[in-house]
Amino acid sequence: MNKTISSESTDTEVSIKQEPLADGELLKKTDNVKKPLICIEAGHQEKANLELEPTAPGSKIMKEKVRGGTQGVQTKKAEYQLNLEVAMMLENALAEDFDVVMVRRTNDVDISNSERAMICNDAEADLMIRLHADGNENSQVKGMTFIYPSPENEYTKPVAEKSKDILEVVAQDIISETGAKSRGIIPRGDLTGFNWLKVPSILIEMGFMTNKEEDVLLSNAEYQRRIVAGIKKGLINYDFINNMNSGQ
Ligand SMILES: [Zn+2]
């Protein structure tokens, strides 16, 4: 059983009333409240880094370390800024039920896509969530796209199925919370940020900043809260704890 013990009150009682516990007892208690670890990545950064890095471990194919991202046609906001706003909101929303690792908390960083993946690998995250927004030459195009690591690619194959399982639940909850149009759940095998991963991952293209209406919506705090609420609901509905135990 993995019932979460309501920690605040019991912790206080332990430290005030009880005899000092043997180390083992305290450790066991901590084990019981182990939470799934979510690694959150806000896509891009203030300054793109167009130096090259291998697209996968040992690969000869090279790609830019971090591309520039898109920009709001109406808000003029940069994608890296929007991604960070939602990422920080998500960090707060998940704090109670999940452990969270943030790939970045500021825009002024220089972290390549492979390094971002390795931050989540090193943390041994149960899931990496990658937040992005889209751009298109056609300003009419809008909606959310949900992306997971391809089962067809040797690098991403080991995490493809679990990533897809999680994404299907999360995507449904984001769509029902936001009312956004879904452009579908699609696999990608060409992303450096997926190829270096050893843990499951989902990438959410939250909408098109090149569409006037959606650009404004994406910067609206209430809309951002709905995206975040949808992600959180999806993660809870996926039932991470049981799926972690039945996994490895
Ligand atoms: Zn992007």
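This structure is a prediction, so every number in the text was calculated from the model and none was measured.

Conventions adopted
Residues numbered from 1 in each chain as written. Predicted model: local features only at pLDDT ≥ 70, side-chain atom pairs only at ≥ 80, totals over all residues. Heavy atoms only, no water. Helix = DSSP H or I, 4+ residues; strand = E, 2+ residues; numbered from the N terminus. Buried < 20%, exposed > 50% of the residue type's maximum accessible area, 1.4 Å probe, protein only. Contact = heavy atoms within 4.5 Å. Areas by Shrake-Rupley, 256 points an atom, 1.4 Å probe, with all protein chains shown as cover. Pairing = 2+ DSSP bridges. Donors = N, O, S within 2.8 Å, 3.2 Å for Na, K, Ca; no water. Expected span 1.5 Å × (residues − 1). Bend = angle between axes of the 7 residues up to and from the residue. Axes fitted to C-alpha atoms, helices over the stretch in contact; angles between N-to-C directions. Salt bridge = Lys/Arg side-chain N within 4 Å of Asp/Glu carboxyl O. Parallel < 35°, antiparallel > 145°, perpendicular 65-115°, else oblique. Left-handed = near helix turned anticlockwise from the far one by under 90°. Nonpolar A, V, L, I, M, F, W, Y, C, P; charged D, E, K, R; others polar.

Chemist: Is there a simple way to explain the overall build of the chain in this structure?
Modeler: In terms of regular secondary structure, the chain is built from nine helices and eight strands. Counting only residues that meet the buried cut, the chain has 45% of its 248 residues in that class. Taking the contacts inside the chain whose residues are at least 6 apart along the sequence as the reference set, 78% of them involve residues at least 24 apart. Total accessible area on the chain is roughly 13000 Å²; 49% of this is exposed by carbon and sulfur atoms.

Chemist: Can you walk me through the pairing of strand 5 (residues 127-134) in this structure?
Modeler: As a general feature of sheets, a regular strand has side chains that alternate between the two faces. With eight of eight residues buried, strand 5 is to be regarded as a mostly interior element. Here strand 5 shows no split at all, with Leu-127, Ile-129, Leu-131 and Ala-133 on one side and Met-128, Arg-130, His-132 and Asp-134 on the other all buried. Looking at chain direction, strand 1 (residues 37-42) and strand 5 are connected through five bridges and run parallel. Counterpart to Glu-41 in the pairing with strand 5 is Arg-130.

Chemist: What is the right way to look at the coordination of the zinc ion in this model?
Modeler: Six octahedral donors at a metal ideally form angles of 90 or 180 degrees, and four tetrahedral donors ideally form angles of 109.5 degrees. His-44 (NE2), Glu-79 (OE) and His-132 (ND1) make up the full set of protein donors to the zinc ion, lying at 2.1 to 2.2 Å. Ordering the donors of the zinc ion by residue number gives the pattern H-x34-E-x52-H. With Glu-79 in helix 3 (residues 79-94) and His-132 in strand 5, this residue pair connects regions lying 53 residues apart in the sequence. His-132 shares its class with Glu-79; the two are buried.

Chemist: What is the right way to look at unusual backbone geometry in this model?
Modeler: Excluding glycine, residues mostly have negative phi values, and the peptide bonds linking residues are mostly trans. Not every positive phi belongs to a glycine, and His-44 is a case in point at roughly 65 degrees. The phi angle at Glu-124 is positive, at roughly 55 degrees, despite the residue not being glycine. For Glu-124, a relative accessible area of 64% translates into the label exposed.

Chemist: Help me out: how do you make sense of helix 5 (residues 157-178) in this one?
Modeler: Think of an α-helix as 3.6 residues a turn; residues three or four steps apart then line up on the same face. Between its first and last C-alpha, helix 5 extends 31 Å over 22 residues, near the 32 Å set by a 1.5 Å rise per residue. Along helix 5, the sharpest kink reaches roughly 25 degrees, centred on Ser-163. Along helix 5, the positions that sit buried rather than exposed are Val-159, Ala-160, Ser-163, Ile-166, Leu-167, Val-170, Ala-171, Asp-173, Ile-174 and Thr-178.

Chemist: Is there a simple way to think about the sheet that holds strand 8 (residues 201-208) in this case?
Modeler: Pairing between the strands of a sheet comes from backbone hydrogen bonds, and it takes one of two forms, parallel or antiparallel. Spatially, 4-1-5-8-6-7 is the arrangement adopted by the six strands of the open sheet, whose pairing is mixed. The open sheet has two edge strands with one neighbour each: strand 4 (99-102) and strand 7 (182-188). Recorded for the sheet is a direction-independent mean angle of 20 degrees between the axes of neighbouring strands. Pairing geometry for strand 6 (residues 144-149) and strand 8, over three bridges, is antiparallel. Bridge assignment links Thr-145 to a residue of strand 8, and that residue is Glu-205. On the sheet, helix 5 packs against strand 5, strand 6, strand 7 and strand 8 and is oriented at approximately 165 degrees with respect to strand 6.

Chemist: Honestly, helix 3 in this entry has me stumped. Any pointers?
Modeler: In this model helix 3 runs 22 Å from its N-terminal to its C-terminal C-alpha over 16 residues, within 8% of the 22 Å that 1.5 Å per residue would give. All of the buried residues along helix 3 are Glu-79, Tyr-80, Leu-82, Asn-83, Leu-84, Val-86, Ala-87, Leu-90, Glu-91 and Leu-94. Next to the buried residues of helix 3 lie strand 1, strand 4, strand 5, strand 8, helix 7 (212-218) and helix 8 (221-238).

Chemist: Quick question: what am I supposed to make of the pattern of salt bridges here?
Modeler: Side chains bearing opposite charge may pair, as long as their charged atoms lie close to each other. This model, assessed by the stated rule, comprises 13 salt bridges. Between Lys-65 and Glu-51 there is a salt bridge; the shortest N-O distance is 3.3 Å. Within this pair, whereas Lys-65 is found in strand 3 (residues 62-66), its partner Glu-51 is found in strand 2 (residues 49-54), the two being separated by 14 residues in sequence. Residue Arg-67 pairs with Glu-64 through a salt bridge whose shortest N-O separation is 3.1 Å. Under the relative-accessibility criterion, Arg-67 is labelled partly exposed at 45%. For Glu-64, a relative accessible area of 25% corresponds to the partly exposed category. Taken together, the shared-partner salt bridges in this structure form one network comprising Glu-41, Arg-116 and Arg-130.

Chemist: Hey, could you run me through the packing of helix 3 against helix 8 in this one?
Modeler: If you want to describe how two helices pack, look at the angle between their axes and the distance between the axes. Following both chains from N to C, one finds helix 3 and helix 8 inclined at 50 degrees, their axes separated by 9 Å at the closest point. When the interaxial angle is binned, helix 3 and helix 8 end up oblique. In the crossing of helix 3 with helix 8, the sense of the turn from one axis to the other is right-handed. Within the contact between the two elements, helix 3 uses Leu-82, Glu-85, Val-86, Met-89, Leu-90, Ala-93 and Leu-94 and helix 8 uses Ala-221, Gln-224, Arg-225, Ile-227, Val-228, Ile-231, Lys-232 and Leu-235. Here the contact of helix 3 with helix 8 is built from residues that sort into 11 nonpolar, one polar and three charged.

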